[in-house]
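Given next are the chains, with one letter for each unit.
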Amino acid sequence: MSATRTARLERSLLLFPLPLLLVVFYLLPFFGVVSWSFTLPETGFGQYQRIATDPAIHDMLLRTLRLCLIVSLLALVIGYLLAYCWVFSPPFWQRMVEICVFIPFWISVLVRAFGWLIALRSNGVVNDSLLSLGWIDHPLQLTRNELGVVIGMLHFMIPYALFPLLSSMRQLDQRVLLASRGLGAGALRTFWQVLLPQTLPGLLGAFIMVFVFCLGFFITPVLLGGGQTVMIAEYVFLQMFQTSNWGLGAALSLVLLTLVSALIWLLMRITRVNRLVG
């Protein structure tokens, strides 16, 4: 046996545990979930028919998509501003952006959710500050509703929007911006016709990444929504562990998996967008 074939055999043996682990820990559970969706409580497409016809499920799905869209758009705007500040500002402001982004990023999502729950409650920091300033007459309802869920999710997702945008802006040749200003274009026109088109792949990638993460949010909607703003991850949990409707939970999980897979496929295709924007 030649040395090349021996080396290939050794690499194959070293890599063999990886596909085995993927089969055991991913494929087998996945096929189990698929089986539950078609066999529990009865064999057939009953669970998928319920998803297609149940108004309560439709409301939950629309709420999930609406909240994910709102959070994704807000994260995109804030992330774009932070990325712009990080790339084009003096070193002092760059360090400030890094501190504001990375310190919360290192904190557990559970800790952050509890922190927002304490800050947004009726006698929390936010309401006490607004009352002391005289801006409101009575405490605002900032938790157990969609507003609290959006705030908590947005705080967690800003870094995930920032990093793709930051990468896109760092690859931008700043001489193009200087040339645009030198040719008489104002700041707004330079942004719309030069900066924005060249950072479009980063924008689309950041949007899809944030949207995919938001679809699977569980802890933040549970704590800040207080059972009043149920999203799909919490709904699946309730079906499986509260009502023991494993078939419906499995079917909804597959619907979510299909949507996420389609978005990830789209994200993989986004690299072709740079052909459109140069």
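Residues numbered from 1 in each chain as written. Predicted model: local features only at pLDDT ≥ 70, side-chain atom pairs only at ≥ 80, totals over all residues. Heavy atoms only, no water.

(A) Up close: the layout of surface pockets. Counted as a void, the second largest pocket has a volume near 230 Å³. Taken together, Tyr84, Phe88, Gln174, Leu177, Leu178, Arg181, Ala187, Thr190, Phe191 and Leu195 form the lining of the second largest pocket. Elements that contribute at least two residues to the lining of the second largest pocket include exactly helix H4 (55-88), helix H9 (174-182) and helix H10 (187-198). Among the residues making up the lining of the second largest pocket, the classes are represented as seven nonpolar, two polar and one charged. (1 Å grid on protein atoms, 1.4 Å probe; cavity = no way out; pocket = protein on both sides within 12 Å on 5 of 7 lines; lining within 4 Å. Points joined across faces, edges and corners; volume = space filled by probe spheres on them. Helix = DSSP H or I, 4+ residues; strand = E, 2+ residues; numbered from the N terminus. Nonpolar A, V, L, I, M, F, W, Y, C, P; charged D, E, K, R; others polar.)

(B) Up close: the domain arrangement of the protein chain. Examined at the domain level, the protein chain breaks down into domain 1 (1-39) and domain 2 (55-275). Contact residues are listed per partner, giving five residues for domain 1 and seven residues for domain 2. Between domain 1 and domain 2, a total of about 480 Å² is buried, with carbon and sulfur atoms accounting for 91% of that surface. Remark: the boundary between domain 1 and domain 2 carries zero salt bridges. Taken together, the connections running from domain 1 to domain 2 amount to zero residue pairs in polar contact (both at pLDDT 80 or more). Grouping the amino acids of the side of domain 1 that touches domain 2 by side-chain chemistry returns four nonpolar, one polar and no charged. (Domains from an automatic or database assignment. Contact = heavy atoms within 4.5 Å. Buried area = accessible area lost by both parts, 1.4 Å probe. Salt bridge = Lys/Arg side-chain N within 4 Å of Asp/Glu carboxyl O. Polar contact = N/O pair within 3.5 Å; in protein donor to acceptor, adjacent residues only side chain to side chain.)

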